[in-house]
Amino acid sequence: MNFKYAIALSGGIASGKSTVASLLKLYGYCVICADSIAHRVLEENKDSIVAVFGDEILGGDGKIERKKLGGIVFSNAALRKELEAILHPKIKAEILKEAQKEEQKKIPYFVDIPLFFERGDYPIAHSLLIATTQELQIERLKKRNGFSEQEALSRINAQMPLGQKRAMASYVIENCSSLESLQQKLECYLQEYLSKF
């Protein structure tokens, strides 16, 4: 499939990518969200996942508890690969289905893929990276998810370093201060870069 009008939206964990996705939606852009699709695919494939990871990943409501599952896969690379082998082909198929609809409109849209640079699965020429410092990532993960420093670092280290992603991205927004500042930088990107797209 040809992603002619797509822009990959990516970033490190807790770098502010979800905030940017919300802002883009407010500005009227379509954002295909890999995480939302992943949530759905996770539940649809619950039986296969429980077969690998056991009942201990289930909550009281019988649904998979992402935090429990995350605790397992972020401390074991082999199990993380096993989970990815179950989920990623299905997530990709859904993303391609939604992207095909957007391509027909012939206007720019965003595909929010946290592991865009790591996986190299999508031939999208343009990318927008939301970056920040590791200190801020740790601080935000502790506050937002209640992670310990070690849990936060294991999540961060499971991804490609932001420095490497910066070198690969078409455009980088540094999110190291306020929401207002992030919004201004995003508006600048939309006016200066996207208008030429």
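Residues numbered from 1 in each chain as written. Predicted model: local features only at pLDDT ≥ 70, side-chain atom pairs only at ≥ 80, totals over all residues. Heavy atoms only, no water.

## Here we look at the overall build of the chain
(1) Moving on: A count of helices and strands for the chain gives 10 helices and 5 strands.
(2) Moving on: The dimensions of the chain, computed from C-alpha atoms along their principal axes, are 50 × 40 × 30 Å.
(3) Moving on: Taken over 197 residues, the chain has a buried fraction of 42%.
(4) Moving on: Of the contacts formed within the chain by residues at least 6 apart in sequence, a portion of 73% connects residues at least 24 apart.
(5) Moving on: Per element, the accessible surface of the chain, about 10300 Å² overall, is 52% carbon and sulfur.
(6) Moving on: Between the averaged position of the 27 positive side-chain charges in the chain and that of its 25 negative side-chain charges there is a distance of 3 Å. (Helix = DSSP H or I, 4+ residues; strand = E, 2+ residues; numbered from the N terminus. Buried < 20%, exposed > 50% of the residue type's maximum accessible area, 1.4 Å probe, protein only. Contact = heavy atoms within 4.5 Å. Areas by Shrake-Rupley, 256 points an atom, 1.4 Å probe, with all protein chains shown as cover. Lys, Arg positive; Asp, Glu negative; His and termini not counted. Charge placed at Lys NZ, Arg CZ, Asp CG, Glu CD.)

## Focus on the pattern of salt bridges
Oppositely charged side chains may form a pair once their charged atoms are brought near each other.
(1) Moving on: Taken as a whole and judged by the stated rule, the model has 10 salt bridges.
(2) Moving on: Note that Glu118 and Lys165 form a salt bridge whose closest N and O atoms lie 3.1 Å from each other. Placement of the pair is Glu118 in helix 6 (residues 116–119) and Lys165 in helix 9 (residues 162–168), with a sequence separation of 47 residues.
(3) Moving on: Taking the relative accessible area as the measure of exposure, Glu118 reaches 27% and is therefore partly exposed.
(4) Moving on: Of the residues examined, Lys165 reaches a relative accessible area of 1% and is grouped as buried.
(5) Moving on: As a salt-bridge pair, Arg166 and Glu174 come within 2.8 Å of each other at their nearest N and O atoms. (Salt bridge = Lys/Arg side-chain N within 4 Å of Asp/Glu carboxyl O.)

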